[in-house]
Amino acid sequence: MSRPAHRRPEYHKINKDLFVLTYGALVAQLCKDYEKDEDVNKYLDKMGYGIGTRLVEDFLARSCVRRCHSYSEIIDIIAQVAFKMYLGITPSVTCNNSSRTEFSLILDKNPLVEFVEELPAGRSSLCYCNLLSGIIRGALEMVHLAADVTFLQDTLKGDRVTEIGITFLKKLDEKKYRRKK
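The shown structure was predicted, so the numbers you read here are calculated from the model rather than taken from an experiment.

K.L.:
Looking at this structure, I do not really get the nonpolar core. What am I missing?
P.N.:
Within the largest apolar cluster, 36 residues are counted, with the highest numbers of intra-cluster contacts made by Phe-83, Leu-105, Leu-140, Ile-164, Ile-166 and Phe-168. Elements that contribute at least two residues to this core include exactly helix 1 (16–33), helix 2 (37–63), helix 3 (71–87), strand 2 (102–107), helix 4 (130–142), strand 3 (145–153) and strand 4 (162–171). Of the residues forming this core, the biggest block, 6 residues, is contributed by helix 3. Dropping the residues within four chain positions of it, Leu-105 is found in contact with Ile-75, Ile-78, Ala-79, Phe-83, Pro-91, Ser-92, Val-93, Ile-136, Thr-162, Glu-163, Ile-164 and Ile-166.

Spelled out as structure tokens, the structure:
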């Protein structure tokens, strides 16, 4: 007996609370393993980068988005489609310069810190959600866009919102990645 050809593949969703708690345990373990916050931040970014390079394929397959023609379109897709798809939120977008290469994603509610009240004592320079920076950077690089992604504001550090700054550096050489016809 074979499966009907018209069935879509089923995607299993992980419980959001389980993901958030597991992420919290990961950060806690990294804080035990590394003495310096900078080392934890680098590790979270590196881990996020690896996730982003793989997640972009899933995103493109599931979202059916078309090719973007400007940085503004790309940021809108990240905010309105990707964040909604994977984190269940839609951050607001602001453009930070006239050349339209610097943007901010503003999260009024950050699901990764839902069960976190404050940073651990002595960890004031810890960027708890740095995984997100790496994910965005890795995904953008896989679609041939170099970007600098950093946290500008963080609710865990007393700010009213969480703000992720994205600066597009340059378009990577697409000729290297094109298939020869």
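K.L.:
Is there a simple way to think about the packing of aromatic side chains in this case?
P.N.:
Each aromatic ring pair is characterised by the separation of its centres together with the angle its planes make. According to the stated counting rule, one finds 4 aromatic pairs in the structure shown. On the numbers, 4.3 Å between centres and 10° between planes, the contact of Tyr-71 with Phe-168 is stacked. Here the residue Tyr-71 occupies a position in helix 3, and Phe-168 occupies one in strand 4, the gap between them amounting to 97 residues. For Phe-168, a relative accessible area of 5% corresponds to the buried category. Judged by centre distance (6.2 Å) and plane angle (80°), the rings of Phe-103 and Phe-168 are edge-to-face. Residue Phe-103 is located in strand 2, and its partner Phe-168 is located in strand 4; the two are separated by 65 residues in the primary sequence. Given the relative accessible area of 3%, Phe-103 is considered buried. Connected via pairs of aromatic rings, a cluster forms that spans Tyr-71, Phe-103 and Phe-168.

K.L.:
I keep staring at helix 1 and nothing clicks. Help me out?
P.N.:
Because each turn of an α-helix spans 3.6 residues, side chains separated by three or four positions end up pointing in the same direction. Over its 18 residues, helix 1 extends 26 Å from the first C-alpha to the last, a length consistent with the 26 Å expected when each residue adds 1.5 Å. Buried residues belonging to helix 1 abut helix 2 and helix 4.

K.L.:
When you look at the pattern of salt bridges in this model, what are you seeing that I'm missing?
P.N.:
Where side chains of opposite charge bring their charged atoms close, a pairing between them can arise. Applying the stated rule across the entire model yields 3 salt bridges. Taking the shortest distance from any N to any O, the salt bridge between Arg-62 and Asp-58 comes out at 3.3 Å. With Arg-62 and Asp-58 both in helix 2 and 4 residues apart, this pair spans about one turn of that helix. With relative accessibility at 23%, the residue Asp-58 sits in the partly exposed group.

K.L.:
Would you take a moment to explain the sheet that holds strand 1 (residues 92–95) for this structure?
P.N.:
With respect to topology, 4 strands assemble into an open sheet ordered 1-2-4-3, the strand pairing being antiparallel. The open sheet is flanked by strand 1 and strand 3, the only strands paired with a single partner. Taken pair by pair, the neighbouring strands of this sheet meet at an average axis angle of 25°, ignoring direction. As paired elements, strand 1 and strand 2 share 4 bridges and run antiparallel to each other. Its bridge partner being in strand 2, Val-93 is matched across the sheet by Leu-105. Contacts from helix 3 reach strand 1, strand 2, strand 3 and strand 4, with the element oriented near 15° to strand 2. Sitting on the sheet, helix 4 touches strand 2, strand 3 and strand 4, and the angle it makes with strand 3 is about 165°.

K.L.:
Any chance you could explain the side chain of Thr-53 here in plain terms?
P.N.:
If you trace the backbone, Thr-53 turns up in helix 2. Exposure remark for Thr-53: the relative accessible area of 14% places this residue in the buried category. A distance of 2.8 Å separates a polar side-chain atom of Thr-53 from the backbone oxygen of Gly-50. At 3.5 Å, the side chain of Thr-53 and the side chain of Arg-54 are in polar contact. Setting aside its immediate chain neighbours within four residues, Thr-53 contacts Gly-138, Ala-139 and Met-142.

K.L.:
Explain unusual backbone geometry here, please?
P.N.:
Peptide bonds are trans in most cases, and residues, glycine excluded, mostly fall at negative phi. Phi is positive for Cys-64, close to 55°, though the residue is something other than glycine. A relative accessible area of 60% means that Cys-64 is categorised as exposed. Of note in the backbone geometry, His-144 takes a positive phi value of approximately 70° without being a glycine. Residue placement: His-144 occurs in the loop between helix 4 and strand 3. Judged by its relative accessible area of 17%, His-144 is buried.

Definitions and limits used
- Residues numbered from 1 in each chain as written.
- Predicted model: local features only at pLDDT ≥ 70, side-chain atom pairs only at ≥ 80, totals over all residues.
- Heavy atoms only, no water.
- Core = buried A, V, L, I, M, F, W, Y, C linked by side-chain atoms within 4.5 Å.
- Buried < 20%, exposed > 50% of the residue type's maximum accessible area, 1.4 Å probe, protein only.
- Helix = DSSP H or I, 4+ residues; strand = E, 2+ residues; numbered from the N terminus.
- Contact = heavy atoms within 4.5 Å.
- Phe/Tyr/Trp six-rings, centres within 6.5 Å; stacked < 30°, edge-to-face > 60°.
- Expected span 1.5 Å × (residues − 1).
- Salt bridge = Lys/Arg side-chain N within 4 Å of Asp/Glu carboxyl O.
- Pairing = 2+ DSSP bridges.
- Axes fitted to C-alpha atoms, helices over the stretch in contact; angles between N-to-C directions.
- Polar contact = N/O pair within 3.5 Å; in protein donor to acceptor, adjacent residues only side chain to side chain.

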